[in-house]
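Fold and geometry: a report
So you can see what is in the structure, the chains are spelled out below.
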There are 2 protein chains.
Amino acid sequence: MTGAAVFDAARPRYSKLIEVATELFSSNGYEGTTIRQIAGAMGVKSASLYSHVGSKADILREIVLDVAREFTESAIAAKAQASTGEEELRALCRAHMRVMTGRAGAVVVYFHNWRKLNTEYQREIVSLRRRYEGFFRVALRKAIEDGSYRPVDVARSVRVLLGALNWTYEWHSPKRRLSAEALADEILGVIVAGLRRERP
Amino acid sequence: MTGAAVFDAARPRYSKLIEVATELFSSNGYEGTTIRQIAGAMGVKSASLYSHVGSKADILREIVLDVAREFTESAIAAKAQASTGEEELRALCRAHMRVMTGRAGAVVVYFHNWRKLNTEYQREIVSLRRRYEGFFRVALRKAIEDGSYRPVDVARSVRVLLGALNWTYEWHSPKRRLSAEALADEILGVIVAGLRRERP
DNA sequence: CCTACCGATCGGTAGG
DNA sequence: CCTACCGATCGGTAGG
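Residues numbered from 1 in each chain as written. Chains lettered and ligands numbered in written order. Predicted model: local features only at pLDDT ≥ 70, side-chain atom pairs only at ≥ 80, totals over all residues. Heavy atoms only, no water.

1. A look at the protein's contact with DNA strand D
Around DNA strand D sit 14 residues, and of these A:Thr34, A:Arg36, A:Lys56, B:Lys45 and B:Ser48 come closest. Within the backbone of A:Ile35, an N or O atom sits 3.0 Å from a phosphate oxygen of DNA strand D. Interatomic distance of 2.9 Å between a side-chain N/O atom of B:Arg13 and a phosphate oxygen of DNA strand D. (Near = heavy atom within 4 Å. Polar contact = N/O pair within 3.5 Å; in protein donor to acceptor, adjacent residues only side chain to side chain.)

Below, the structure is given as structure tokens:
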């Protein structure tokens, strides 16, 4: 909930740099953005950036790891407020879509560029993802155990759910009136209800 | 089924160029790949590429439009072989996953870079996509009308389905034994069955 | 935060 | 397909 790009009031120029770089990376790509463009958008010369950051790759790493951690933090907060498995799963989906829409630029940068990080940071991302998917699996398992949901293949169902949620970055425009919560409920609703007619 | 990168035996060097560029763009990104890298992988000097292609942007356009058209062509072929709506939807999902896995490199390049095309070609992509999603909507509507499926929100369900299918490029490794068809059936199966317990 | 500058490399062209 | 080369621009550094 409090990523460096949002908070970090102690280093306002650094925060501004990350914010500006996020927007440029998300629309022009990482390699398609130059240090001079970032500096220009901040109203300084390119050499001045290097007093705040060590290299261009450091900027990418900061953006990607920050938003990946934010997904995890917001999921932990969401879990804490739910009691049943069904509630927990819905809370996780809503939290996921809040990050997706609230940090849309950083999310695109994350999805498109996390594999460009060095091995160490890629491993951290993979580890964060695994844990994150685990939250969804636990919630679904709880909902199955208390009889709300059928005994489905948990890992498979979670992958379908997260795939559908993640892909919204490709078509959902923030201008639409649909809130993050409504979007999450719609998608989860499709998967909960299923297409098949109930046999009476 | 017969994209230029696969066929085009009349211009073998051009095909090779597109094939090599596809692999490099998919692993290093479009801006992260240089003309010299592409030439190097073909065993020629960079200047030699310009007898086959007008610019670097032309290479990207060729890859992206080719795979986008292949999705459409393969969907048309799949439709033709199905009779009921349920069969048609399954055939469309399987065809989709065959392109996803068979042209994995080009698919990544497409997903990550189609917005870098100029307005004209972006419009063509959007138009191809709209038509493509239409195929899925028609099939689902047929399955609802013949009573196989519940009267769900068709547009919403198709978006969830295609999102789940498309997102597989992020986690599905071709080394796994799972075929494109099995993967498609799994994902469609989750959405068809749904999570909710049938009330007896 | 700046000026001044570095070597390296970029996409692309001329002219065979 | 090559050699030779172009101007522009890249990420980054030195030294205030």
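2. Observations concerning the UniProt feature "domain: HTH tetR-type" (unreviewed entry) in chain A
The feature "domain: HTH tetR-type" (unreviewed entry), as given by UniProt, occupies residues 11-71 of chain A in the numbering adopted here. Helix makes up 67% of residues 11-71 of chain A and strand 0%, with an end-to-end C-alpha separation of 23 Å. (UniProt positions renumbered as here; feature names shortened; annotations may be inferred. Helix = DSSP H or I, 4+ residues; strand = E, 2+ residues; numbered from the N terminus.)

3. Some thoughts on the side chain of B:Thr33
All names here are of chain B. With respect to the helices and strands, the residue Thr33 is situated in the loop between α1 (12-28) and α2 (35-42). When its relative accessible area of 0% is taken as the criterion, Thr33 is described as buried. Of note is the side chain of Thr33, whose polar atom sits 2.7 Å from the backbone oxygen of Gly29. In this structure, Thr33 is in contact with Leu24, Phe25, Asn28, Ile38 and Lys56, ignoring residues within four places of it in sequence. (Buried < 20%, exposed > 50% of the residue type's maximum accessible area, 1.4 Å probe, protein only. Contact = heavy atoms within 4.5 Å.)

4. Description of the layout of surface pockets
All names here are of chain B. Reported here for the second largest pocket is a volume of approximately 290 Å³. Ala78, Gln81, Ala91, Ala95 and Arg98 are the residues nearest the centre of the second largest pocket, which is lined by 16 residues in total. Among the secondary structure elements, those contributing two or more residues to the lining of the second largest pocket are α3 (56-80) and α4 (85-102). When residues in the lining of the second largest pocket are grouped by element, the largest group, 8 residues, is from α4. Residues belonging to the lining of the second largest pocket are distributed by class as follows: 7 nonpolar, 3 polar and 6 charged. (1 Å grid on protein atoms, 1.4 Å probe; cavity = no way out; pocket = protein on both sides within 12 Å on 5 of 7 lines; lining within 4 Å. Points joined across faces, edges and corners; volume = space filled by probe spheres on them. Nonpolar A, V, L, I, M, F, W, Y, C, P; charged D, E, K, R; others polar.)

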